[in-house]
Number of protein chains: 2
Amino acid sequence: MESLRITLEQSEIPTHWYNVVADMPNPPLPPLGPDGQPVSPEQMAAIFPMTIIEQEMSAERWIPIPEPVRQVYRLWRPSPLIRARRLEELLDTPARIYYKYEGVSPAGSHKPNTAVPQAFYNLQAGIKRITTETGAGQWGCSMAFAGQMFGLDVRVYMVKVSYQQKPFRRSMMQTWGAEVFASPSSMTQTGRDLLARDADNPGSLGIAISEAVEEAASRSDTSYALGSVLNHVALHQTIIGQEAKKQFEKAGDWPEMIFAPCGGGSSFAGIAFPFLADNAAGGRHGRPTRLIAVEPTSCPTLTKGIYAYDFGDASGFTPLMKMYTLGHDFMPPGIHAGGLRYHGDSPLVSQLYHEGLIEAVAVSQLATFEAGVLFARAEGVIPAPESNHAIRATIDEALRCKQSGEVKTLFFNLTGHGHFDMAAYDRYFAGELEDFDYPAEAIGASLAHLPKVG
Amino acid sequence: MESLRITLEQSEIPTHWYNVVADMPNPPLPPLGPDGQPVSPEQMAAIFPMTIIEQEMSAERWIPIPEPVRQVYRLWRPSPLIRARRLEELLDTPARIYYKYEGVSPAGSHKPNTAVPQAFYNLQAGIKRITTETGAGQWGCSMAFAGQMFGLDVRVYMVKVSYQQKPFRRSMMQTWGAEVFASPSSMTQTGRDLLARDADNPGSLGIAISEAVEEAASRSDTSYALGSVLNHVALHQTIIGQEAKKQFEKAGDWPEMIFAPCGGGSSFAGIAFPFLADNAAGGRHGRPTRLIAVEPTSCPTLTKGIYAYDFGDASGFTPLMKMYTLGHDFMPPGIHAGGLRYHGDSPLVSQLYHEGLIEAVAVSQLATFEAGVLFARAEGVIPAPESNHAIRATIDEALRCKQSGEVKTLFFNLTGHGHFDMAAYDRYFAGELEDFDYPAEAIGASLAHLPKVG
């Protein structure tokens, strides 16, 4: 009987993360402070422990994974590489389709890959508490789980409207021992000021970030943690691609195209960057692997944004980062793939895209749900709406292979399950979901507000 | 680095199910029809295909698993055997604790282990449609998934109050292509009669069963499928214990005590019966493995019921089965482990308990949630409320080992994840959950209504 799941022993969990900076043609452009000067490590030390700051700025190719982190990874890693045979048959495509299933983590997505080392480095630095923000709760859950693994207190500022409407991820965070506050809250000056003006403020991700950062900056025993965008987050996620390379070797196959959903960029970076190392050396089997970031047409950062310095958050509190952006005050339409509703993108992903080393494509909401349902009916797993973006692009390519007769090996990142997104599937079946294709006017307006640099 | 997960290759998926009937000291007592005579295969053929009826009545020790069923099992099986190291450390126990994690299936529980072969045998018999009932939706999801795997239409009658209050498992069923009707429905005579009397009838599992059976009995292209209690269901679930035995051999360990939640009995049968085969031969390593069914104190079928012929359903439509029962019209208190709210038990499990070959223990609701939260904080996985019963009993034994200093190997069935049960965890944290210990008066009343036999 053919094996559909290519598994690794736990002893094969990678010992190092891969830092793509070592193989980039040009060094990454630094984040800039309000004075237009590069942000110094000392400035970052107010909210991050030094090991994380070092990783953020490192150009070393291999960064060792601490043994206590690998021990927690053992709870679910290595994640399986799965051959989607039934999907291939359903599509009647000559393409071979594989996916890496990150939904096997306790929190149900790839996010714990970085939450766990972030918790560990904070513990090592003597930190007792971590603050973070969350929208729908995916990242907050991952940080709650990771904090619990190392005995750290975790405080999550959860956007109030999600706190009220999506109680189940809040319950998960509490099950893992985290404190969860509806943001804006009375815990911070930011929150109190906002509540004084409007007691019914529904909150936003920008406000929640401000609260979490304010608390971390004001207490020496407390750090802040971020779940995407930054270099160290992308670094930690490379465990996905590192494992996948071992698994493809074991399967005697190698991907010609890799697809991953791309919002802040960490799931794309995680699966794609390790293959960039091979591409930099000319590619395995004599050709490079094409690496395709898949984003929503409603928030088309790479495909329709511009490459410029912009704030990482809506309110303009963060340093300026050189990235593809739709403008920091661009408000994406309310698609259900909440993890992809980000105006910017990882600076590393952005620079690689700018230099032509990776590709990007945008897909629309209805098409992604159609793909997700088709996938679930073939393979069983019900994917998260974010993952459906990668599935859509993979299916489109598999159908092109059917036309052309090409026997390509396609590979995508199934970043998480959709167990907490069934309301979105419900709306899809009820015909209530909309497509929001390329909101050109809103993007034009927000791009006009880009900060001036230099 | 020590391996916490003991995995098997997909080629090691068992080729046969184990039929405990071959090793029982006495043959199983047959189900009886309304005339007091054993139900004939022909009578069962109105709603089940012949292969399933043969399995229901078989005394063969090994029943081959059809290759197409093993091919679908490959989507998630073999499930991992996991050493709960962090839980052991948290409890500071010398006991070694292992669990089999069945939550890795697409539907999130052990139920697809039987839904898949049931769908296959129906397809083989030329059946086009399957009807079934579901309460909270766990079984309906498994049948929807399994039907989709073999291209069968699946109709699920879902208790109306659950249909309205728990929409997410309904969405899952629809994602896998099933039709879901709120029961009572206008699709059947049973439903129409009830709705004529009360248009707001909230439904019950008994009504939903009646609707599903009525539709299956009235159409030659349609069969009915049941998710627990019956012998063929227990048979299909033995894949759990069969895999576990291979995994313990690989780990160089062997369980001294096995714990599983027990409602209708299939998850207990699935993990325990294969070890009974060894017990019948004197046990491995010179001693038998103790097999402990864990039930709720609020519905203590084995520990407080009587061993008698009773109806399988509340309304008295089914054949009479010899089993431990609290009386078919016993209405269990509204605990959150919905899968354990059953007045009776598998006739095989009941007979083995009656003959002293297995044990049973009852645990109360608050203690099970306490155990589930403790487990989640140690091991990451958030368990289903049903699974928390096995976890409670395992932790209690591990704490006894701590007292006595005994180095026992404990093993439990983590039958499913709790992603669709977070509202119950919410209520636990809010202090809103109740204990319903031994409802003696209600049980006394329902036991007075047992049918007279012979």
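So, here's what we can say about the structure. (Residues numbered from 1 in each chain as written. Chains lettered and ligands numbered in written order. Predicted model: local features only at pLDDT ≥ 70, side-chain atom pairs only at ≥ 80, totals over all residues. Heavy atoms only, no water.)

**Considering the overall build of chain A**
Then, in step 1: Counting its regular elements, chain A contains 19 helices and 15 strands.
Then, in step 2: Taking 2.2 N^0.38 as the reference for a compact globule, 454 residues should give roughly 22 Å; the C-alpha atoms of chain A span a radius of gyration of 21 Å, in line with that estimate.
Then, in step 3: Its C-alpha atoms give chain A principal-axis dimensions of roughly 65 × 50 × 45 Å.
Then, in step 4: For chain A, with 454 residues in total, the buried portion stands at 63%.
Then, in step 5: Across chain A, contacts joining residues at least 24 apart in sequence account for 76% of those joining residues at least 6 apart.
Then, in step 6: For chain A, the exposed area adds up to about 15,600 Å²; of that, 52% sits on carbon and sulfur atoms.
Then, in step 7: Positive and negative charge centroids in chain A, built from 37 and 49 side chains respectively, lie 4 Å apart. (Helix = DSSP H or I, 4+ residues; strand = E, 2+ residues; numbered from the N terminus. Rg over C-alpha atoms; globule rule 2.2 N^0.38 Å. Buried < 20%, exposed > 50% of the residue type's maximum accessible area, 1.4 Å probe, protein only. Contact = heavy atoms within 4.5 Å. Areas by Shrake-Rupley, 256 points an atom, 1.4 Å probe, with all protein chains shown as cover. Lys, Arg positive; Asp, Glu negative; His and termini not counted. Charge placed at Lys NZ, Arg CZ, Asp CG, Glu CD.)

**Focus: the interface of chain B and chain A**
Then, in step 1: Residue-level contacts link 45 residues of chain B with 45 residues of chain A.
Then, in step 2: Each partner contributes to the roughly 4,200 Å² buried at the junction of chain B and chain A, and carbon and sulfur atoms together form 58% of this total.
Then, in step 3: On the chain B side of the contact with chain A, Met-1, Thr-175 and Arg-377 of chain B bury the most area, a combined 18% of that side's loss.
Then, in step 4: Seen at the junction of chain B and chain A, the total is four salt bridges. (Buried area = accessible area lost by both parts, 1.4 Å probe. Salt bridge = Lys/Arg side-chain N within 4 Å of Asp/Glu carboxyl O.)

**Here's the deal with the packing of aromatic side chains**
Then, in step 1: Evaluation of the coordinates by the stated rule reveals 45 aromatic pairs over all chains.
Then, in step 2: With 4.9 Å between their ring centres and 70° between their planes, Tyr-98 of chain B and Phe-248 of chain B make a pair best called edge-to-face. Remark: Phe-248 of chain B occurs in helix 12 (residues 239-251) and Tyr-98 of chain B occurs in strand 5 (residues 96-101); sequence separation between them is 150 residues. For the residue pair Tyr-98 of chain B and Phe-248 of chain B, the accessibility class agrees, reading buried in each case.
Then, in step 3: Through successive ring pairs, a cluster of aromatic residues spans Tyr-98, Phe-248, Trp-254, Phe-275 and Phe-411 of chain A.
Then, in step 4: In this structure, Arg-83 of chain B packs its charged tip against the face of Tyr-98 of chain B, placed 5.6 Å from the ring centre. (Phe/Tyr/Trp six-rings, centres within 6.5 Å; stacked < 30°, edge-to-face > 60°. Lys NZ or Arg CZ within 6 Å of the ring centre and 35° of its normal.)

**Overview of the sheet that holds strand 7 (residues 153-159) of chain B**
Residue and element names in this part refer to chain B.
Then, in step 1: In space, the four strands of this open sheet follow the order 8-7-6-9, with parallel pairing throughout. Strands at the two margins of the open sheet, each flanked by one partner only, are strand 8 (179-183) and strand 9 (222-224). Neighbour-to-neighbour, the strand axes of this sheet turn through a mean angle of 25°, independent of strand direction.
Then, in step 2: Strand contacts of helix 10 (residues 205-218): strand 6 (129-134), strand 7, strand 8 and strand 9, with the helix running at about 170° to strand 6, the strand carrying the most contacts. (Pairing = 2+ DSSP bridges. Axes fitted to C-alpha atoms, helices over the stretch in contact; angles between N-to-C directions.)

**Some remarks on the packing of helix 13 (residues 266-280) of chain B against helix 15 (residues 347-354) of chain B**
All names here are of chain B.
Then, in step 1: One can describe the packing of helix 13 onto helix 15 by two numbers: an axis separation of 11 Å at closest approach and a directional angle of 50°. With respect to each other, helix 13 and helix 15 are oriented oblique. Handedness of the crossing formed by helix 13 with helix 15: left-handed. Residues Phe-268, Ala-269, Phe-273 and Leu-276 of helix 13 touch helix 15, and the partners they reach there are Leu-348, Val-349 and Leu-352. (Parallel < 35°, antiparallel > 145°, perpendicular 65-115°, else oblique. Left-handed = near helix turned anticlockwise from the far one by under 90°.)

**A short note on the relation of the copies chain B and chain A**
Then, in step 1: Taken as rigid bodies, chain B and chain A are interconverted by a rotation of 180° and an axial shift of 0.0 Å, the fit giving an RMSD of 0.0 Å. Taken together, the turn and the small shift mark the pair as related by a two-fold rotation axis. By C-alpha distance to the rotation axis, the residue of chain B lying nearest is His-419 of chain B, at 3.3 Å.
Then, in step 2: Interface overlap between copies is the fraction of interface residues in one copy that are interface residues in the other; for chain B against chain A it reaches 100%, indicating a shared surface. (Least-squares fit on C-alpha atoms with pLDDT ≥ 70 in both.)

**Considering the side chain of His-419 of chain B**
Then, in step 1: Within the secondary structure layout, His-419 of chain B lies in the loop between strand 15 (409-414) and helix 18 (422-429).
Then, in step 2: For His-419 of chain B, a relative accessible area of 8% corresponds to the buried category.
Then, in step 3: Side chain to side chain, His-419 of chain B and His-419 of chain A meet in a polar contact 2.8 Å long.
Then, in step 4: If near-sequence neighbours (up to four positions away) are discounted, His-419 of chain B is found in contact with Pro-106, Met-172, His-417, His-419 and Phe-420 of chain A. (Polar contact = N/O pair within 3.5 Å; in protein donor to acceptor, adjacent residues only side chain to side chain.)

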